[in-house]
Structures are given as structure tokens and as C-alpha cells.
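Structural characterization, general
One letter stands for each residue in the lines below.
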Amino acid sequence: DVKVTQSSRYLVKRTGEKVFLECVQDMDHENMFWYRQDPGLGLRLIYFSYDVKMKEKGDIPEGYSVSREKKERFSLILESASTNQTSMYLCASSSGSSPLHFGNGTRLTVT
Amino acid sequence: RKEVEQDPGPFNVPEGATVAFNCTYSNSASQSFFWYRQDCRKEPKLLMSVYSSGNEDGRFTAQLNRASQYISLLIRDSKLSDSATYLCVVGRLYNQGGKLIFGQGTELSVKP
């Protein structure tokens, strides 16, 4: 069974802090994704990666960056956290065009 | 217009009822279709893929209508445990791989 693990379930950070959200998958998937989910807006794609050291902007990349140094790990970075980045962050992985497998999410609050 | 649209609901139905959700998509180049289920404060989980010929998994039936650009999910004999948000997901090739677009979800509440 595919396992996608996000390092934190709940996180509280202050405005201006640099925030790292980590995601690890154990199925050798080449594709990894970061989404955020907000009430009334659904899931929105922030960044994705099809290979190590490769990244592509999603629909809402502003204020975020990513790092994929190893195939199994995809990190989302908030360079300077702001209150409008308070959200549920979901990492996912897939192989080819197969369905996504999600981690259990990180609920980030920026105060 | 959103690329994938769903009626947000909520759909409130009694146990045992049959309920159907539709989802429309705007990009005719879309190539893959899925239904995900999301429980409150949990991550989305794949319910079923949707194939061109339609497919069934127990009480769940999914259909695709490419001409009208919609997919549907039918749930028969609803159970209390079916209460969740159902996300329609549409995929298309994007650069080297696939990009999945999520609908906002349809909330289902099954009552005793």
C-alpha cells in the first residue's frame, strides 16, 4: 500500500517565519505534488515535480518554493509566512498518469 | 468558468436512498477521470476511476459522457458511512506528465 507521510499534522507559525513542510513517499513514484485546500475553493495546486531536481509551478505558486533533492522527498517552503497562507496543505504522489495518493495533511496556522 | 464544476450540496438523504452526483468539465482534451472521497478533516482518498464504458464497484457506479463533458457517480442503498464530500477529478496531459484538476466537492449527508 502506498504511504505518503507528511512530517507535521498541525503547525503554528508566526508571520515572517520561514516554514518547511516535508513530504516523503515510499513507492518510488516519480510525480509529487503540493496542494492547499481552503473552504469554498477546493484543492489548488501549488507546485509539482516529475523528477528529482525538477519542479513546475502549479496554479498558485506565489509565496512558495519547493525542493526535490531525492526522489522520495518533496519539500514545500514558505519563504516568509503570511496569514493568508493559513490553510490545509496536502502532499500527493503518483506514477505516470495514475491516481494521486495523498498524505494526511498539515494544518498550518500563521499568526 | 471553473474547469471542473460540481454542485456543492449538501445532499441530505435517508439511509437506503439512491443518490447521484454530476460533475462537468470544460476541457475536451481531458483524458482521465476519478472520484475521490474526503471525510471531514482528512485527506482525499480514491473512490474509483471512471472509464469510458462506465464501471461499477459494489453500490457505486461511475459513468462518463464525453459528448456532454460530464461524469456521474451513483450511490445505491446509501449507508450512514457514505457521509462525506465527493470530489470529482479530471486529468489531462501537461508537459511531461498528468495534471489533475479537482472540483470543489459535493457534500453528502446520509441520515438514519
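Refer to the structure above for everything that follows.
First things first, this report covers the structure right here in the doc. (Residues numbered from 1 in each chain as written. Chains lettered and ligands numbered in written order. Predicted model: local features only at pLDDT ≥ 70, side-chain atom pairs only at ≥ 80, totals over all residues. Heavy atoms only, no water.)

**Examining the state of the cysteines**
Residues and elements named next belong to chain A. To be explicit about the condition: For this text, the term disulfide refers to a pair of cysteine sulfurs within 2.5 Å. We count a stretch as a helix when DSSP gives it H or I for four or more residues in a row; a strand needs E for two or more, and each element gets its number in order from the N terminus. When a residue's accessible area, from a 1.4 Å probe over protein chains only, is under 20% of the maximum for its type it is buried; when over 50% it is exposed; and in between it is partly exposed.
Counting across every chain of the model gives two disulfides over all chains. Note that cysteine 23 is cross-linked by a disulfide to cysteine 91, the S-S spacing being 1.9 Å. Measuring handedness by torsion sign, the sulfur bridge of cysteine 23 and cysteine 91 sits at about -75° and is left-handed. Note that cysteine 23 is positioned in strand β4 (residues 23-25) and cysteine 91 in strand β10 (residues 87-94), a separation of 68 residues in sequence. Across this residue pair, the class does not change: cysteine 23 and cysteine 91 are buried.

**As for the packing of aromatic side chains**
Two aromatic rings are characterised by how far apart their centres lie and by the angle between their planes. Operational definition: Only centres within 6.5 Å qualify two rings of Phe, Tyr or Trp (six-membered ring in Trp) as a pair; their planes then separate them into stacked at under 30 degrees, edge-to-face at over 60, and tilted for everything else.
Under the definition given, this model contains twelve aromatic pairs over all chains. Ring geometry for A:Phe102 versus B:Phe102: centroids 5.8 Å apart, planes at 70°, classification edge-to-face. You can see A:Phe102 sitting in strand β11 (residues 101-102) and its partner B:Phe102 sitting in strand β10 (residues 97-102), one on each of two chains. We note that A:Phe102, like B:Phe102, is buried. Summarising the aromatic geometry, the rings of B:Phe11 and B:Phe21 are spaced 5.2 Å apart at their centres and angled 85° between planes, so their arrangement reads as edge-to-face. Remark: B:Phe21 occurs in strand β3 (residues 19-25) and B:Phe11 occurs in strand β2 (residues 11-14); sequence separation between them is ten residues. In textbook terms, an aromatic cluster arises when at least three aromatic residues are bridged by ring pairs, as seen for A:Phe33, A:Tyr35, A:Phe48, A:Tyr50, A:Phe102, B:Tyr36 and B:Phe102.

**What about the pairing of strand β8 (residues 64-70) of chain A?**
Definition in use: By this definition, two strands are paired if DSSP reports at least two bridges between them.
Here five bridges tie β8(A) to strand β9 (residues 73-78) of chain A, and the two strands are oriented antiparallel to one another. Counterpart to A:Ser65 in the pairing with β9(A) is A:Ile77.

**Looking at the environment of B:Val50**
Residues and elements named next belong to chain B. Rules: Contact between two residues is taken to exist if any of their heavy atoms lie within 4.5 Å; hydrogens are not considered.
Here valine 50 is to be found in the loop between β5 (45-49) and β6 (55-57). Linking valine 50 and phenylalanine 34, residues 16 residues apart in sequence, is a C-alpha distance of 5.4 Å. The residues contacting valine 50, other than those within four sequence positions of it, are Phe33, Phe34, Trp35, Asn55, Ala62, Gln63, Leu64 and Ile71.

**Observations concerning the nonpolar core**
Formally: By nonpolar core we mean a set of buried residues, namely Ala, Val, Leu, Ile, Met, Phe, Trp, Tyr and Cys, connected to one another through side-chain atoms within 4.5 Å.
B:Phe21, B:Trp35, B:Ile71, B:Leu73, B:Ile75, B:Tyr86 and B:Leu108 are the most contacted members of the largest nonpolar core, which totals 24 residues. Contributing elements (two or more residues each) for this core: β3, β4 (32-38), β7 (60-65), β8 (70-75), β9 (84-94) and β11 (106-111) of chain B. Of all hydrophobic cores here, the second largest spans 20 residues; its members include A:Leu11, A:Val19, A:Leu76 and A:Val110.

**A look at the interface of chain A and chain B**
The accessible area lost on association of the parts is a frequent measure of interface size. Filter applied, for reference: As a working definition, buried area equals the accessible area (1.4 Å probe) given up by two parts on being put together, with both sides summed. Salt bridges are defined as contacts in which a side-chain nitrogen from Lys or Arg sits within 4 Å of a carboxyl oxygen from Asp or Glu. Pairs of N or O atoms within 3.5 Å make up the polar contacts considered here, provided that, within protein, one atom can donate a hydrogen while the other can accept it, and that residues adjacent in sequence are counted only when both atoms are side-chain atoms. For this scheme, ten residues count as nonpolar: Ala, Val, Leu, Ile, Met, Phe, Trp, Tyr, Cys and Pro. Four count as charged, namely Asp, Glu, Lys and Arg, and the remainder, Gly too, count as polar.
At the junction of the two partners, chain A supplies 24 residues and chain B supplies 19 residues. Per-residue buried area on chain A facing chain B is highest for A:Tyr50, A:Pro99 and A:Phe102; these three make up 27% of the total on that side. Inspection of the chain A/chain B interface yields zero salt bridges. Taken together, chain A and chain B are joined by four residue pairs in polar contact (both at pLDDT 80 or more). If you list the elements that add at least two residues to the side of chain A that touches chain B, you get β5 (31-38), β6 (42-49), β7 (56-57) and β10 of chain A. At four residues, β6(A) tops the list of elements feeding residues into the side of chain A that touches chain B. In terms of residue class, the side of chain A that touches chain B is made up of twelve nonpolar, seven polar and five charged.

Structural measurements only, silent on function.
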